[in-house]
Amino acid sequence: MPERLEDPTQSTRWWLVLVIIGVVAAGVRFATLDDLTITHPEIYTAGIQLPQHVHHPPTRDTFIEVLEFQLYDPHPPGYHLVMLGWTNLFGTSVWALRASSAICGVLAVLMIFPYARRIGGVGAGLLSAALLALHGLHVYWSQMARPWVPLSLISIVSSWLLLRLTERWRLGEALAYAGVAALGLWLDYYFWPVFAAQIVWAVFQARSALRPSPVIATQLFTLILGMP
């Protein structure tokens, strides 16, 4: 792991740059959030009151209704359950629906900094955050009520926690990793390749260990949580 800068002035400067990057990321994601009308995939968000003549998707206002609908849908129920809670709190306007992705997009930009910094130093962390802040595809999906940008946040956070666990295993961080990664497995099937890559990486890191790796044990526990 690269050594951290200890100069308080230098550290304050880096954090100021990160704050500016975060503000820019928020600006490009929220500025035109509700300029376009709701799209076909966004109609599937749980909690939207649809007209009676709309049979697919049906209105899903309860936990049970979401689970029943997902039995016939090619996606896990996690995202729809999360959005059911979101719509109950913030409503179903176009802005409110998409704000969930926009917030996750800004958090992904901020969270990629400590992850990349741990691998390549402060410069790599700030460059990674800046590139993601203005990444066209990431900005586009940050303005849609779909699970892809929340998945990017979960992928970054889980990878950062996994990196910390391979350096030093701690129970609290292990439980945090299991919870975040299991949420990704429940959110959408597209997280499974990310999780599989994390398992392969953990096995590679533990190839010379004389004892069973607690990190891999944590991943097996996460896999059990994601199996339903």
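Heads up: the structure comes first, above all this text.
Residues numbered from 1 in each chain as written. Predicted model: local features only at pLDDT ≥ 70, side-chain atom pairs only at ≥ 80, totals over all residues. Heavy atoms only, no water.

> Can you lay out the layout of surface pockets for me, pointing to particular residues and giving the numbers?
If you add up the space inside the largest pocket, you get close to 210 Å³. Tyr79, Val82, Met83, Trp86, Ser100, Cys104, Pro150, Leu153, Ile154, Leu183 and Leu187 are the residues that line the largest pocket. Counting residues per element, the ones that place at least two in the lining of the largest pocket are helix H3 (78–90), helix H4 (94–120), helix H7 (148–167) and helix H8 (171–187). Broken down by element, the lining of the largest pocket gets its largest block of residues, 4 residues, from H3. (1 Å grid on protein atoms, 1.4 Å probe; cavity = no way out; pocket = protein on both sides within 12 Å on 5 of 7 lines; lining within 4 Å. Points joined across faces, edges and corners; volume = space filled by probe spheres on them. Helix = DSSP H or I, 4+ residues; strand = E, 2+ residues; numbered from the N terminus.)

> Give me the lowdown on the nonpolar core, citing residues and values where you can.
By size, the foremost hydrophobic cluster in this structure holds 42 residues, and its most contacted members are Val109, Tyr177 and Phe191. Going through the elements one at a time, helix H1 (8–30), H3, H4, helix H5 (122–133), H7, H8 and helix H9 (191–205) are the ones with two or more residues in this core. If one sorts the elements of this core by residue count, H7 sits on top with 10 residues. Among residues more than four places away in sequence, those in contact with phenylalanine 191 are Leu151, Ile154, Ser155, Ser158, Ala181, Gly184 and Leu185. (Core = buried A, V, L, I, M, F, W, Y, C linked by side-chain atoms within 4.5 Å. Buried < 20%, exposed > 50% of the residue type's maximum accessible area, 1.4 Å probe, protein only. Contact = heavy atoms within 4.5 Å.)

> So, the environment of serine 101: which residues are in play, and what are the values?
Relative to the helices and strands, serine 101 is located in helix H4. Placed 46 residues apart in sequence, serine 101 and proline 147 show a C-alpha to C-alpha distance of 7.5 Å. Look past the residues within four positions of serine 101 in its chain and what remains in contact with it is Trp141, Ser142, Met144, Ala145, Arg146, Val149 and Pro150. At 2.6 Å, the side chain of serine 101 forms a polar contact with the backbone oxygen of methionine 144. (Polar contact = N/O pair within 3.5 Å; in protein donor to acceptor, adjacent residues only side chain to side chain.)

> Report on the packing of H9 against helix H10 (residues 214–226), specifying residues and quantitative values.
For any two helices packed against each other, one specifies the inter-axial angle together with the distance between the axes. Orientation of H9 relative to H10, taken along the N-to-C sense of each, is 160 degrees, at an axis distance of 9 Å. Relative to H10, the element H9 is oriented roughly antiparallel. With respect to the hand of their crossing, H9 and H10 are arranged in left-handed fashion. Here Trp192, Phe195, Gln198, Ile199, Ala202 and Val203 of H9 come into contact with H10, specifically with Val215, Ile216, Gln219, Thr222, Leu223 and Gly226. By residue class, the composition of the contact of H9 with H10 is 8 nonpolar, 4 polar and no charged. (Axes fitted to C-alpha atoms, helices over the stretch in contact; angles between N-to-C directions. Parallel < 35°, antiparallel > 145°, perpendicular 65-115°, else oblique. Left-handed = near helix turned anticlockwise from the far one by under 90°. Nonpolar A, V, L, I, M, F, W, Y, C, P; charged D, E, K, R; others polar.)

> Would you mind going over H4 in detail, with residue names and values included?
An α-helical turn contains 3.6 residues, so a residue and the one three or four places further along point in the same direction. Taking 1.5 Å per residue, 27 residues should reach 39 Å; H4 reaches 39 Å between its end C-alpha atoms and fits that length. Taken as a whole, H4 carries its principal kink of about 30 degrees at serine 100. Two residues or fewer after H4 comes glycine 121, characterised by a positive phi angle close to 100 degrees. (Expected span 1.5 Å × (residues − 1). Bend = angle between axes of the 7 residues up to and from the residue.)

> Can you break down the packing of helix H2 (residues 63–70) against H3 residue by residue, with the values?
Closest axis-to-axis distance for the H2/H3 pair is 10 Å, and the angle between their directions is 155 degrees. Between H2 and H3, the interaxial angle falls into the category roughly antiparallel. Where H2 crosses over H3, the handedness of that crossing is right-handed. Here H2 contributes Phe63, Val66, Leu67 and Gln70 to the contact with H3, which in turn contributes His80, Leu81 and Leu84. Residue composition of the contact of H2 with H3, grouped by class: 5 nonpolar, 2 polar and no charged.

> Now, about the environment of arginine 118: what can you tell me, with residues and values included?
By secondary structure assignment, the location of arginine 118 is in helix H4. Overall, arginine 118 belongs to the buried group, its relative accessible area being 13%. Taking the C-alpha atoms as reference, arginine 118 lies 28 Å from serine 100; in sequence the two are 18 residues apart. Polar contacts involving the side chain of arginine 118 include one to the side chain of glutamate 167, which spans 2.9 Å.

> I'd love a proper account of the packing of aromatic side chains, names of residues and values included.
In total, this model carries 7 aromatic pairs according to the counting rule given. Considering the side-chain rings of tyrosine 140 and tryptophan 141, the 5.1 Å spacing of their centres and the 85 degrees angle between planes classify their relative orientation as edge-to-face. Look at tryptophan 141 and tryptophan 148: their rings are 6.4 Å apart centre to centre, the planes differ by 85 degrees, and that puts the pair in the edge-to-face class. Overall, tryptophan 141 belongs to the partly exposed group, its relative accessible area being 27%. Through a chain of ring-to-ring contacts, the aromatic side chains of Tyr140, Trp141, Trp148 and Tyr190 assemble into a single cluster. Above the ring of phenylalanine 69, the side-chain terminus of arginine 60 is found at 4.5 Å from the ring centroid. (Phe/Tyr/Trp six-rings, centres within 6.5 Å; stacked < 30°, edge-to-face > 60°. Lys NZ or Arg CZ within 6 Å of the ring centre and 35° of its normal.)

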